[in-house]
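Letter by letter, the chains look like this.
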Amino acid sequence: MKAYLLILSLFIAVNAIAAPPHITRELNLPRSGDVIVKQQVEYKDPGRAGADVVWDFGQLQPINPEYTLEYEEPIYVEDSLSGGFYLMGKDTVFASLLQPSDAVFIGREHRTLYYYVFTDSVLVTLGYQNAATDLHYRKPLLTGKLPMTFSDSLSHQYITEGFYTRSVPFAESGSVSLAGDAYGMIILPTGDTLRQVLRTKAVQQKAEPLLTTEGDSATVNTYFERYKWYARGYRYPVFETLRTVIYIDTTETNRYETAFLYPPPQQYSQVPDTANANELALMLAEENEHSQSSGGDQDDIWAGMYYNIFPNPVITNLQFELYLPHFCNDVHVQIRDKMGLTFIDRNMGAYPEGISSFTFNLSGLMPDNYVLDFWLDGYLVHGSVVMKR
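Quick look at the structure, then. What you see is a predicted model; the values in this text were computed from it and never measured.

Quick look at the overall build of the protein chain
Logical step 1: The number of helices and strands found in the protein chain is 3 helices and 25 strands.
Logical step 2: Out of the 389 residues belonging to the protein chain, those deemed buried represent 47%.
Logical step 3: Sequence separation of at least 24 residues holds for 59% of the intrachain contacts in the protein chain that already meet a minimum separation of 6.
Logical step 4: When the accessible surface of the protein chain is split by element, carbon and sulfur atoms take 53% of a total near 19100 Å².

Structure representation (structure tokens):
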């Protein structure tokens, strides 16, 4: 068993770039005229939050063919009575009075128009339209924040009303929380490996009363969770996962999960994205400078190591993925409770540079919080809290 003294004496910072990545208006706000290619792929659990995470989506298979998301400028029609302007797409009127602004734009995806406005560092959705639905947010839906970096967060309430099939009225309200919850390295289904990646997490939730067939009352809680991965040097996300979970009181009744790849080489625009081209060049120069200056630094021996665990909370099998920047003679893993009692203590052996995966069966453990620690050639590199339910 490893001595816990190592926790104090041999903890190593592994991130090669000191500052976490960030997204900004200049680099990441969508632009009218840009066309984004999306492809639906298999879903994989996004894994833990925090620093130095690896997201290995390299083996995910496509589900549906590629399609496009297009951003376009709005058209305005003046209202003679109010002096304001109706916001329009190319082929439909969106009854929202506001002044013309370059911070308003439209996203067209799957024959649906989404109306956005960016103001005071916050991106919100005003509503959307398609052949079946006309939806307006009386209190706009929080969609993004620019700038944003790791640990930034905010939350908003939203109120919406509209018509299904253009005739059946509906209304709802709820809240949205948004955070920069993780950063690290991503491996895409295309085989691209991108570093300096920021992940954002948005959770939209609402609660509605329900009268059961027995006449009892219950509460329907709906959670819509969206993760986006932004890689430095690219304006748009490179990957996205969506998950909706519905509970009646505390019992899960329905779940939907999917994911989308945004292949970086297939994004294009009418205007060259000079700002992000400069970021890519700067990032390459920084990485070259770092590799030259840290070659013999013992404290930097595991710089460039990334890891992930999922699901968390776990019911049965915990997946542990580890990216090694070079060969390791001995990977050692422990899972213990917060009092220090060890339940799993394994020497996993030697592993080469690259991604390795491990599975730990935790079905025999009681629901509680546990700690996963791992050592690389005797160095305690990281620990992570595992929740068992």
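With respect to the pattern of salt bridges
Logical step 1: Scanning all chains against the criterion turns up 17 salt bridges.
Logical step 2: Among the salt bridges present, the one from Asp34 reaches Arg31, with a minimum N-O distance of 3.2 Å.
Logical step 3: Using a relative accessible area of 3% as the deciding quantity, one classes Asp34 as buried.
Logical step 4: For Lys44, the salt bridge is made with Glu321, and the minimal N-O distance between the two is 2.7 Å. Here Lys44, found in the loop between strand S2 (35–41) and strand S3 (50–56), pairs with Glu321, found in strand S20 (residues 317–324); they are 277 residues apart in sequence, far enough to count as distant. Here Lys44 and Glu321 have matching classes, each one buried.

Concerning the pairing of S20
Logical step 1: Judged by how many residues are buried, S20 sits mostly within the fold: 6 of 8 residues are covered.
Logical step 2: Where strand S19 (residues 306–310) and S20 come together, 5 bridges link them in antiparallel fashion. When the sheet's bridge partners are listed, Tyr307 is paired in S20 with Leu322.
Logical step 3: Connecting the antiparallel pair S19 and S20 is a turn made up of 6 residues.

Things to note about the side chain of Glu240
Logical step 1: Along the chain, Glu240 turns up in strand S17 (residues 239–248).
Logical step 2: Judged by its relative accessible area of 1%, Glu240 is buried.
Logical step 3: Those residues within four positions of Glu240 in sequence are excluded, and the remaining contacts are Lys38, Arg226, Tyr227, Lys228, Trp229, Thr258, Ala259, Phe260 and Tyr262.

Focus on the side chain of Glu72
Logical step 1: As for its position among the elements, Glu72 is in strand S4 (residues 67–72).
Logical step 2: At 3.1 Å, the side chain of Glu72 forms a polar contact with the side chain of Arg108.

Description of the sheet that holds strand S24 (residues 368–376)
Logical step 1: Here 4 strands make up an open sheet; going across it, the order is S22-S21-S24-S25 and the pairing antiparallel. If you trace the sheet from one side to the other, it starts and ends with strand S22 (342–351) and strand S25 (379–388), each paired once. Taken over all neighbouring pairs, the strand axes of this sheet differ in orientation by 15° on average, direction set aside.

Brief notes about the environment of Arg199
Logical step 1: Looking at the element boundaries, Arg199 is found in strand S15 (residues 193–211).
Logical step 2: Through-space distance from the C-alpha of Arg199 to that of His22 is 9.5 Å; in sequence the pair is 177 residues apart.
Logical step 3: Apart from residues lying up to four places away in sequence, Arg199 is in contact with Pro46, Gly47, Arg48, Ala49, Trp55, Ala179, Gly180, Asp181, Ala182, Tyr227, Lys228 and Trp229.
Logical step 4: One polar contact links the side chain of Arg199 to the main-chain carbonyl oxygen of Arg48, over a distance of 3.0 Å.

A few points about unusual backbone geometry
Peptide bonds are mostly trans, and most non-glycine residues show a negative phi.
Logical step 1: Pro147 follows Leu146 through a cis peptide bond whose omega is 10°.
Logical step 2: Relative to the helices and strands, Pro147 is located in the loop between strand S11 (133–145) and strand S12 (148–149).
Logical step 3: Cis geometry marks the peptide bond from Asn312 to Pro313, where omega comes out at 15°.
Logical step 4: Examined against the element boundaries, Pro313 turns out to sit in the loop between S19 and S20.
Logical step 5: Positioned with a positive phi, Arg111 is a non-glycine residue whose angle comes to about 60°.
Logical step 6: With respect to the element layout, Arg111 can be found in the loop between strand S8 (104–109) and strand S9 (112–119).
Logical step 7: Unusually for a residue other than glycine, Ser151 sits at a positive phi of about 80°.
Logical step 8: With respect to the secondary-structure elements, Ser151 resides in the loop between S12 and strand S13 (153–164).

Structural notes on the pairing of S4
Logical step 1: Here S2 pairs with S4 via 4 bridges, running antiparallel. Pairing of Ile36 across the sheet is with Leu69, part of S4.
Logical step 2: As paired elements, S4 and S8 share 3 bridges and run antiparallel to each other. Paired with Glu70 across the bridge in S8 is Arg108.

Points about the packing of aromatic side chains
Logical step 1: Evaluated as defined, the whole model comprises 20 aromatic pairs.
Logical step 2: Both rings, one in Trp229 and one in Phe239, keep their centres 5.7 Å apart while their planes meet at 70°; by these two values the pair is edge-to-face. Here Trp229 is found in strand S16 (residues 217–231), whereas its partner Phe239 is found in strand S17, with 10 residues between them in sequence. Of the two residues, Trp229 and Phe239, neither departs from the other in class, the shared state being buried.

The rules behind the values
- Residues numbered from 1 in each chain as written.
- Predicted model: local features only at pLDDT ≥ 70, side-chain atom pairs only at ≥ 80, totals over all residues.
- Heavy atoms only, no water.
- Helix = DSSP H or I, 4+ residues; strand = E, 2+ residues; numbered from the N terminus.
- Buried < 20%, exposed > 50% of the residue type's maximum accessible area, 1.4 Å probe, protein only.
- Contact = heavy atoms within 4.5 Å.
- Areas by Shrake-Rupley, 256 points an atom, 1.4 Å probe, with all protein chains shown as cover.
- Salt bridge = Lys/Arg side-chain N within 4 Å of Asp/Glu carboxyl O.
- Pairing = 2+ DSSP bridges.
- Polar contact = N/O pair within 3.5 Å; in protein donor to acceptor, adjacent residues only side chain to side chain.
- Axes fitted to C-alpha atoms, helices over the stretch in contact; angles between N-to-C directions.
- Phe/Tyr/Trp six-rings, centres within 6.5 Å; stacked < 30°, edge-to-face > 60°.

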